[in-house]
Amino acid sequence: MTVHNLYLFDRNGICLHYSEWHRKKQAGISKEEEFKLMYGMLFSMRSFVGKMSPVDMKDGFLAFQTSKYKLHYYETPSGLKVVMNTDLGVGNIRDVLHQIYSNVSLGLAPQCLGPAARRLLERRRLESYLLEAGLPAEELQSNRPAMGYR
């Protein structure tokens, strides 16, 4: 499994976290603009899928793919959205996204740590979980993620 990037959004569309590993092409816009576009696309896709589905959508919008990547989506009852872009060979990773929410984002570093120490601890937790989920260690170690927080 190759992970290109990961986003965590709150219920209001604020990007709480962003990491990237194997992103070969940048969007050519600011990260803030990219976050707004991603959240808007997710909002639109959820609405479109809900309205156009010929059957009851118990789980709603889970993923979509292009000819180059697959976007995986998980939304919690509280409205937190976990989005991961991967290669095309990855199947359903709903459980992985739920575990990222449960083990990584719910266990965010304590506020008493300074911002740099919190980011480092959170990055280590995320990398540790992704390694356990099957992402080869050398991929993470050779391509340190760019982390963004609010």
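The name given to the protein chain in an unreviewed UniProt entry is Trafficking protein particle complex subunit, with the source organism recorded as Chrysemys picta bellii. UniProt lists a comment for the protein chain under the heading Function (unreviewed entry), and it reads "May play a role in vesicular transport from endoplasmic reticulum to Golgi."

A. Structural context of the overall build of the protein chain. On a plain count of helices and strands, the protein chain comes out with 4 helices and 6 strands. With 150 residues in all, the protein chain has 39% of them scored as buried. Considering only contacts within the protein chain whose residues lie at least 6 apart along the sequence, 50% involve residues at least 24 apart. Of the roughly 8,600 Å² of accessible surface on the protein chain, 55% is carried by carbon and sulfur atoms.

B. Fine view of helix α1 (residues 31–52). The first and last C-alpha atoms of α1 sit 31 Å apart over 22 residues, in line with the 32 Å expected at 1.5 Å per residue. Turning to α1, its buried residues are Glu 34, Phe 35, Met 38, Tyr 39, Leu 42 and Val 49. Along the long axis of α1, the arc covered by the buried residues comes to 130°, so they all point the same way. Set apart from the buried face of α1 by more than 90 degrees, the exposed residues are Lys 36, Leu 37, Phe 43, Lys 51 and Met 52.

C. Local environment of the nonpolar core. By size, the foremost hydrophobic cluster in this structure holds 16 residues, and its most contacted members are Leu 6, Val 82, Met 84, Leu 97 and Ile 100. Only β1 (3–9), β5 (81–86), α2 (94–105) and α3 (115–132) provide two or more residues apiece to this core. When residues in this core are grouped by element, the largest group, 4 residues, is from α2. Not counting the four nearest positions on each side in its chain, Met 84 is found in contact with Val 3, Asn 5, Leu 6, Lys 70, Leu 71, His 72, Ile 93, Leu 97, Ile 100 and Leu 130. Met 38, Tyr 39, Leu 42 and Val 83 belong to the second largest nonpolar core, which has 13 residues in total.

D. Structural detail: the pattern of salt bridges. Tallied over the full model, the rule gives 6 salt bridges. In this structure, Glu 20 engages Arg 23 in a salt bridge whose closest nitrogen and oxygen atoms are separated by 3.7 Å. Residues joined in a network through salt bridges with shared partners are Glu 20, Arg 23, Lys 31 and Glu 34.

E. A look at the packing of aromatic side chains. A complete count under the given rule lists 9 aromatic pairs for this structure. Seen from their ring centres, Phe 9 and Tyr 39 are 5.6 Å apart, and the 55° between their planes marks the pair as tilted. Highlighted residues: Phe 9 in strand β1 and Tyr 39 in helix α1, separated in sequence by 30 residues. The exposure class of Phe 9 is buried, given its relative accessible area of 0%. Taken together, the aromatic side chains of Tyr 7, Phe 9, Tyr 18, Phe 35 and Tyr 39 make up a single cluster linked through ring pairs.

F. Spotlight on the layout of surface pockets. The volume enclosed by the largest pocket comes to roughly 470 Å³. Asn 5, Arg 23, Lys 25, Tyr 69 and Asn 85 are, among the 17 residues lining the largest pocket, the residues nearest its centre. Counting residues per element, the ones that place at least two in the lining of the largest pocket are β1 and α1. The dominant element in the lining of the largest pocket, judged by the number of residues it contributes, is α1, at 3 residues. By residue class, the composition of the lining of the largest pocket is 7 nonpolar, 5 polar and 5 charged.

Here is what the cut-offs are and how they apply
- Residues numbered from 1 in each chain as written.
- Predicted model: local features only at pLDDT ≥ 70, side-chain atom pairs only at ≥ 80, totals over all residues.
- Heavy atoms only, no water.
- UniProt positions renumbered as here; feature names shortened; annotations may be inferred.
- Helix = DSSP H or I, 4+ residues; strand = E, 2+ residues; numbered from the N terminus.
- Buried < 20%, exposed > 50% of the residue type's maximum accessible area, 1.4 Å probe, protein only.
- Contact = heavy atoms within 4.5 Å.
- Areas by Shrake-Rupley, 256 points an atom, 1.4 Å probe, with all protein chains shown as cover.
- Expected span 1.5 Å × (residues − 1).
- Arc of directions from axis to C-beta.
- Core = buried A, V, L, I, M, F, W, Y, C linked by side-chain atoms within 4.5 Å.
- Salt bridge = Lys/Arg side-chain N within 4 Å of Asp/Glu carboxyl O.
- Phe/Tyr/Trp six-rings, centres within 6.5 Å; stacked < 30°, edge-to-face > 60°.
- 1 Å grid on protein atoms, 1.4 Å probe; cavity = no way out; pocket = protein on both sides within 12 Å on 5 of 7 lines; lining within 4 Å.
- Points joined across faces, edges and corners; volume = space filled by probe spheres on them.
- Nonpolar A, V, L, I, M, F, W, Y, C, P; charged D, E, K, R; others polar.

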